[in-house]
Amino acid sequence: LMGVTATGLVANIGLEQEIFLVPRDAYYTRPDLQFVGRTLLGKAPARGQEMSDHYMAPLTSSTAALQCMQAIQEECYKLGIPLKTRHREVAPNQYEFAPLFGDCRVQTDQNLVVMQIIEETAACFGLAALMQEKPFAGVNGSGKHNNWSFATNEGLQLLNPKMIMEKTGDKDLFAIIMAAVVRGVDKYGDLMRLAIASPGNDFRLGAMEAPPAVMSTYLGTALTDFLTKYAAGEATEGYVPAKMELPFGVESIKPMAIPAEDRNRTSPFPYGGNRFEFRAAGSSQNVSMVNTVLNAFTAEGMKVIADRVEAGEEAKAVAQDLLKKHSKVIFNGNGYDPEWPEQAVEKGIWRIDSGVDAIKKLTDAKNTELFEKMGVLTPRECEARKTVLLEHYVGSVEMEAMTMVDMINQHVIPSCKKAELGFVKKLEDSVKTLKKAVGEIHGASNEAEAAALARVLRLDTMIKVREVCDEAESLCPPSLWTLASYSELLFLDTHPEGDLLL
């Protein structure tokens, strides 16, 4: 069901793959980047992404980054994978590729190939590619925005209101389809959260161009007003997307007509015109589960509507009923508002801050019932997948903790001793604390208990230990600090490694 939402309907996706490119020689001095894909410690540099100067700058031909990205595109094209876009992203050294929109099953497989090609090609240009969702603290993390829609086998795009009207003349069909999707987001927001519960997303969700762990959907004022009126029986015509003019501030250039409301970047699941964009997916993820969840709950929603129509109800009346019951999940405001998560809970919208807790939701009765009814997974398969996901989380945290222990013992403490800094006792105690926490994880009675302990270790204990290490780095002379700093890892354009490699 990853690619098929219902009989005769095929899902399509477009995946925006974000990555970091860093100098490979600096990468080799960082055991954390090599072993777990993210920096476990590192003092923030004086310059970050405050001026958006990386995001807004062009990819010039004098940079290794552009050469590397061109080579990645060429290698992908040889395998029949056309990457349509390449550009800088917000954080220093962050970049993005996006392919042509296509069949969900094909695009998912091709994305895995693209990630492998990115890593292999970067090495040829003296660079290392980082796929992890949050390799650097204090700047944007990397997502894999999952642009999702579905169509009939004949090519009728069912999230495109204009095409629906042109092909069918049915004024109700788009609202009926939206009712099925909105119902799914409201009822199965926990599964959406589960689908993006990767270890790296623990650090990314909630800021830095990543939505919070609240599963709402943004439809925009115009579409929301239309569906509200439709549910109340006041809409007599089909939905026509509004347009607005974008002036360029130059009289000789004609204004451009654009959609009146762009997608909301603070929402996990905004409607962006003809498709939804699941922005919460992580950059390192295989998006199979992401799209299986979206397709499964949409298929079930359509089945619910079809069953009720076959039982004698009108399709319009069914859609109106579903919109009234489930429209609370529509939120067009600022998802970064610190008050929003609590407000969402009061409204009955799914909020699951912990990725570990989200994984446990896979075996809730309503979720196993959905997957079994739609022919996706049996309850036993759901239980097995939950176990695998929890064990993966625990294994990731254990590797991070033991890597941090080695970095402190082999790098931070020796540097502090040479610089005669007073952090040695505190660092030695931190190592003992980390080892004790890993031991407690090993002693857990089951994978759920182990994962809960691992989450505390990762999001509490390790963060406190990092603060000590970062303070030591801030006082240690660079000549005595043996780990590549953030200043050396980021800002590729200012390093010799970033110059043209010919």
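Everything here concerns the structure above.
Predicted model, so just to flag it, every value in this text is computed and none were measured.

Participant: Before we move on, can you summarise the overall build of the chain with the specific residues and values?
Facilitator: From N to C terminus, the chain includes 19 helices and ten strands. Taking the principal axes of the C-alpha coordinates as reference, the chain spans close to 80 × 65 × 45 Å. Partitioning the intrachain contacts of the chain with sequence separation of at least 6 by distance along the chain shows that 76% fall at a separation of at least 24. Counting every atom, the chain has about 21,600 Å² of accessible surface; 54% of that belongs to carbon and sulfur.

Participant: Describe in detail the layout of surface pockets, supporting the description with residues and values.
Facilitator: A volume near 840 Å³ is recorded for the largest pocket. Lining the largest pocket are 36 residues; nearest its centre among them are Ser-198, Pro-199, Ser-284, Gln-285 and His-392. At the level of elements, helix H1 (24-27), helix H2 (31-36), helix H5 (104-123), strand E6 (127-130), helix H8 (189-195), helix H11 (288-310) and helix H16 (379-419) are the ones that each hand at least two residues to the lining of the largest pocket. The leading source of residues in the lining of the largest pocket is H16, at eight residues.

Participant: I'd like to hear about the packing of aromatic side chains, residue by residue, with values.
Facilitator: Following the criterion strictly, the structure yields 15 aromatic pairs and no others. Seen in terms of ring centroids, Phe-174 and Tyr-271 are 6.3 Å apart; in terms of plane orientation they differ by 55°. Their pairing is tilted. A residue pair is termed long-range when its members are at least 10 positions apart, and Phe-174 in helix H7 (residues 173-187) and Tyr-271 in the loop between strand E9 (256-259) and strand E10 (276-278) qualify at 97 residues. For Tyr-271, a relative accessible area of 7% translates into the label buried. Relative to Phe-276, the ring of Phe-269 lies with its centre 4.6 Å away and its plane at 5°, an arrangement referred to as stacked. In this structure Phe-269 comes out as buried when scored by relative accessible area, which is 0%.

Participant: Tell me about a nonpolar patch on the surface, and please be specific about residues and values.
Facilitator: A cluster of nonpolar residues, Leu-246, Phe-248, Val-250, Ile-253 and Met-256, forms a patch on the protein surface that exposes about 430 Å² of accessible area. Here Leu-246 shows up in strand E8 (residues 243-246). Note on Leu-246: relative accessible area 35%, which makes it partly exposed.

Participant: Break down unusual backbone geometry for me, citing the residues and quoting the values.
Facilitator: If a residue is not glycine, its phi is most likely negative; likewise, a peptide bond is most likely trans. Even without glycine at this site, Asn-274 takes up a positive phi of about 75°. Mapped onto the elements, Asn-274 comes out in the loop between E9 and E10.

Participant: Account for empty space enclosed by the protein, naming residues and giving values.
Facilitator: Tallied over the entire structure, the rule returns four cavities of 30 Å³ or more. There is about 70 Å³ of room inside the largest cavity. Lining the largest cavity, in full, are Leu-15, Gln-17, Ile-81, Leu-83, Phe-97, Pro-99, Gln-107, Gln-110, Asn-111 and Val-114. Elements with a contribution of two residues or more to the lining of the largest cavity: strand E2 (9-23), strand E4 (94-99) and H5. When residues of the lining of the largest cavity are assigned to their parent elements, the largest contribution, four residues, is made by H5. Here the lining of the largest cavity is composed, by residue class, of six nonpolar, four polar and no charged.

Parameters at a glance
Residues numbered from 1 in each chain as written. Predicted model: local features only at pLDDT ≥ 70, side-chain atom pairs only at ≥ 80, totals over all residues. Heavy atoms only, no water. Helix = DSSP H or I, 4+ residues; strand = E, 2+ residues; numbered from the N terminus. Contact = heavy atoms within 4.5 Å. Areas by Shrake-Rupley, 256 points an atom, 1.4 Å probe, with all protein chains shown as cover. 1 Å grid on protein atoms, 1.4 Å probe; cavity = no way out; pocket = protein on both sides within 12 Å on 5 of 7 lines; lining within 4 Å. Points joined across faces, edges and corners; volume = space filled by probe spheres on them. Phe/Tyr/Trp six-rings, centres within 6.5 Å; stacked < 30°, edge-to-face > 60°. Buried < 20%, exposed > 50% of the residue type's maximum accessible area, 1.4 Å probe, protein only. Patch = residues over 30% accessible without salt bridge, like charges linked within 9 Å, V, L, I, M, F, W, Y side chains within 5 Å. Salt bridge = Lys/Arg side-chain N within 4 Å of Asp/Glu carboxyl O. Nonpolar A, V, L, I, M, F, W, Y, C, P; charged D, E, K, R; others polar.

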